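# Topology and contacts: notes
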Amino acid sequence: MVSFPPHREPRACIRFKCALTNTILDILRRRPGWVEVKEEGEWDFYWCDVSWLRENFDHTYMDEHVRICHFRNHYELTRKNCIVKNLKRFRKQIEREAGKLEATKCDFFPKTFEMPSEYHLFVEEFRKNPGITWIMKPVARSQGRGIFLFRKLKDVIDWRKSLPVPSSAPVQPPAASLDGIRSDDQKDETQVENYVAQCYIENPYLIGGRKFDLRVYVLVMSYIPLKAWLYRDGFARFSNTRFTLSSIDDHYVHLTNVAVQKTAPDYDPEKGCKWMIQRFRQYMTAKHGAEVVETLFAEMDNIFIKSLQSVQKVIISDKHCFELYGYDILIDQDLKPWLLEVNASPSLTASSQEDYELKCRLLKDTLHIVDMEGRLTGKEKRIGGFDLMWNDGPVSRAEGNVDTPVNESFMANTHLGYNNDRKKQLKQLFKPLHTQQKV
């Protein structure tokens, strides 16, 4: 296991820039010793959007201590077509090196085809399984925009006919809006917008008759070697309408994005459509038992690690970069988790007070790990609500930390959905400092 030494000398003043105007800006402005710089001022830390990254990264000199919040080619993991390409390639690699049984650990994403380039492969697969539901997603949009479900090949033929003639312009990674979310209007430089056609999960696990997915946060500090942290908090996002396959055109039934659900006529902004992930874990434990739920969450750990490993050799692992990913996980009725997508810019705009408090904790702890102040030793396995789950190899859970029974002797150092006693942990971690400033 690799131990990371402190990466810089302690700094009393951190100059920061922020491209966003939501929770992260609040957190940066409140952080002791951090000073905001405007426009062309020199900075030590920049919470940038991906459009700035694309336009400026290769032309910007950065001192040793400087940090930015994205890896240069983050889209290898976060664009819907790229992640599928990398996962397919990684699965084939594992099958060659470790056999078919080990390769099945990568079978956590639905059958997917890039459109229009794999249109004929899709048609071949479609005709093998007539009558099933498919979902079409634009590769570079978010918040549910441009998505539609279909069961008839005619719908895809009509979609394909509507595509413009491709230009010769190179394909670029997506731009970003002020919220750090890829904008509907900021499309690729090419005239043809790529989609993925994905086999729709027709048997989602339902709670109260409604579909949901889980938003989980993973922080990657390095790809070579891989060092990744998993956050204990997260949430389940519910649809506003009871699930049915008889109405595949109703986005309030099939899409759990808050941006979609909050436009429903009967949406209650006070109630929202979210559960904290601790509540979800308690519900599942009461219904299925602790051992079953521990297995479910261990399978989600596998998704996080395998997906990161699938891009480890293609991501440009610059020492100035880190990335806070938002994973979207769907669970089916067999309690199998499926990876829907990974977000490089998970929304940091709060939809409720509880959501705001969660994101404040998440972002504070992210900054603790980035450690611009130079306070850490590099040997920590827990910082605030984050648990170190991979450090050039799996990180084991401390014995006696959690008393949930599991069948396997190795217990991964992950505590997703467990109690997050972060204030107590941070006081112990920063004991000499906690009386001087709030963590």
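Higher on the page you've got the structure.
Summarised in this report is the structure supplied together with it. (Residues numbered from 1 in each chain as written. Predicted model: local features only at pLDDT ≥ 70, side-chain atom pairs only at ≥ 80, totals over all residues. Heavy atoms only, no water.)

### Digging into the side chain of S222
The line we're drawing: Note on conventions: DSSP H or I runs of at least 4 residues are helices, E runs of at least 2 residues are strands, and numbering of each starts at the N terminus. Exposed residues in this analysis have more than 50% of their type's maximum accessible area, buried residues have under 20%, and partly exposed residues fall in between, with area computed by a 1.4 Å probe over protein chains only. As used in this structure description, the phrase polar contact means that two N or O atoms lie within 3.5 Å; if the pair is within protein, one of them must be able to donate a hydrogen and the other to accept it, and residues adjacent in sequence are counted only when both atoms belong to side chains. Here, residues are in contact when the closest pair of their heavy atoms is within 4.5 Å.
As for its placement among the helices and strands, S222 is situated in strand β9 (residues 212–223). A relative accessible area of 10% places S222 in the buried class. In terms of polar contacts, S222 uses its side chain to reach the backbone amide nitrogen of I224, at 3.4 Å. Among the polar contacts listed, one links the side chain of S222 to the backbone oxygen of P225, at a separation of 2.6 Å. Setting aside its immediate chain neighbours within four residues, S222 contacts F71, K227 and S317.

### A few points about the sheet that holds strand β7 (residues 148–150)
Filter applied, for reference: A pair of strands is labelled paired if DSSP reports no fewer than 2 bridges between them. Angles run from 0 to 180 degrees between N-to-C directions of axes, and those axes are lines fitted to C-alpha atoms, restricted for helices to the stretch in contact.
If you walk across this open sheet you meet the four strands as β5-β8-β6-β7, and the pairing is antiparallel. Among the strands making up the open sheet, the edge pair consists of β5 (112–115) and β7. With direction set aside, neighbouring strand axes in the sheet form an average angle of 25 degrees. Relative to strand β8 (residues 195–199), strand β6 (residues 134–138) runs antiparallel, the two sharing five bridges. Across the sheet, residue P138 finds its bridge partner in β8, namely Y195.

### Some remarks on the packing of aromatic side chains
Heads up, the condition is: Two rings belonging to Phe, Tyr or Trp (six-membered ring only in the last case) form a pair when the distance between their centres is within 6.5 Å. Interplanar angles under 30 degrees mark stacking, angles over 60 mark edge-to-face geometry, and anything in between is tilted. In this scheme, the term charge over a ring applies when either NZ of a lysine or CZ of an arginine sits within 6 Å of the ring centre and within 35 degrees of the ring normal.
Tallied over the full model, the rule gives 26 aromatic pairs. A ring pair is formed by Y205 and F212, whose centres lie 6.3 Å apart and whose planes are at 80 degrees; its orientation type is edge-to-face. Grouping residues by exposure puts Y205 and F212 together as buried. The structure contains a cluster of three or more aromatic residues connected by ring pairs, namely Y205, F212, F238, W275, F280, Y283 and F297. Lying across the ring of F235, K274 places its NZ or CZ 4.1 Å from the centre.

### Focus: the nonpolar core
Condition: Among the buried residues, those of types Ala, Val, Leu, Ile, Met, Phe, Trp, Tyr and Cys that are joined through side-chain atoms within 4.5 Å form a nonpolar core.
In this structure, F45, W47, L214, Y223, F280, L308 and Y327 are the most contacted members of the largest nonpolar core, which totals 99 residues. If you look at the next biggest cluster of nonpolar residues, it comprises 14 residues, including F113, M115, M136 and W159.

### A closer look at helix α13 (residues 422–429)
For an α-helix the count is 3.6 residues per turn, leaving residues at separations of three or four pointing the same way. To be explicit about the condition: Arc definition: it is the arc formed by the directions from the helix axis to the C-beta atoms.
Of the residues making up α13, those classed as buried are R422, Q425 and L426. With its buried residues spanning 95 degrees around the axis, α13 presents them on a single face. Away from its buried face by more than 90 degrees, α13 exposes K423, K424 and Q428. As for α13, its buried residues are in contact with β10 (226–238), α12 (353–370) and β14 (382–383).

### Some thoughts on helix α10 (residues 277–288)
The criterion, for reference: Working rule for helices: expected span equals 1.5 Å times residues minus one.
Here α10 is 12 residues long and its end C-alpha atoms lie 16 Å apart, about the 16 Å a rise of 1.5 Å per residue gives. What α10 keeps buried is the set I277, Q278, F280, R281 and M284. Down the axis of α10, the smallest arc covering the buried residues is 160 degrees, so these residues share one side. Away from the buried face of α10 by more than 90 degrees, exposed residues Q282, A286 and K287 are located. Once α10 ends, the next one or two residues include G289, with phi positive near 95 degrees.

### Side note on the side chain of N343
Here N343 is to be found in strand β13 (residues 337–343). Side-chain polar atoms of N343 contact the side chain of D328, separated by 3.3 Å.

### Observations concerning the sheet that holds strand β1 (residues 14–18)
Working definition: the strands of a sheet are paired by backbone hydrogen bonds and lie parallel or antiparallel to each other. Taking strand neighbours across the sheet as the criterion, the four strands line up as β2-β1-β3-β4 in an open arrangement whose pairing is parallel. Edge positions in the open sheet fall to β2 (34–36) and β4 (67–68), since each of these has one partner strand only. Note: β1 against β2, three bridges, orientation parallel. The residue bridging F16 from the neighbouring strand is E36, located in β2. Sheet strands touched by helix α1 (residues 23–30): β1, β2 and β3 (45–47). Its angle to β1, the strand with the most contacts, is close to 165 degrees.

### Things to note about the pairing of β10
Counted residue by residue, β10 has 13 buried out of 13 residues, so it is predominantly covered. Where β9 lies against β10, 10 bridges are found, and the strand directions are antiparallel. Looking at β10, one finds that D213 is bridged to R237. Connecting β9 to the antiparallel partner β10 that follows it, the hairpin turn spans two residues. When β10 meets strand β11 (residues 274–276), the two strands line up antiparallel, connected through three bridges.

### Thoughts on the pattern of salt bridges
Note the cut-off: Salt bridges are counted wherever a side-chain nitrogen of Lys or Arg sits within 4 Å of a carboxyl oxygen of Asp or Glu.
On inspection of all chains with the given rule, the structure shows 24 salt bridges. Note that E55 is salt-bridged to R54, the shortest N-O span being 3.9 Å. A salt bridge links E294 to R281; its shortest N-O distance comes to 2.8 Å. Here E294, found in helix α11 (residues 290–311), pairs with R281, found in helix α10; they are 13 residues apart in sequence, far enough to count as distant. By sharing partners, the salt bridges in this structure join D213, R215, R237 and D328 into a single network.

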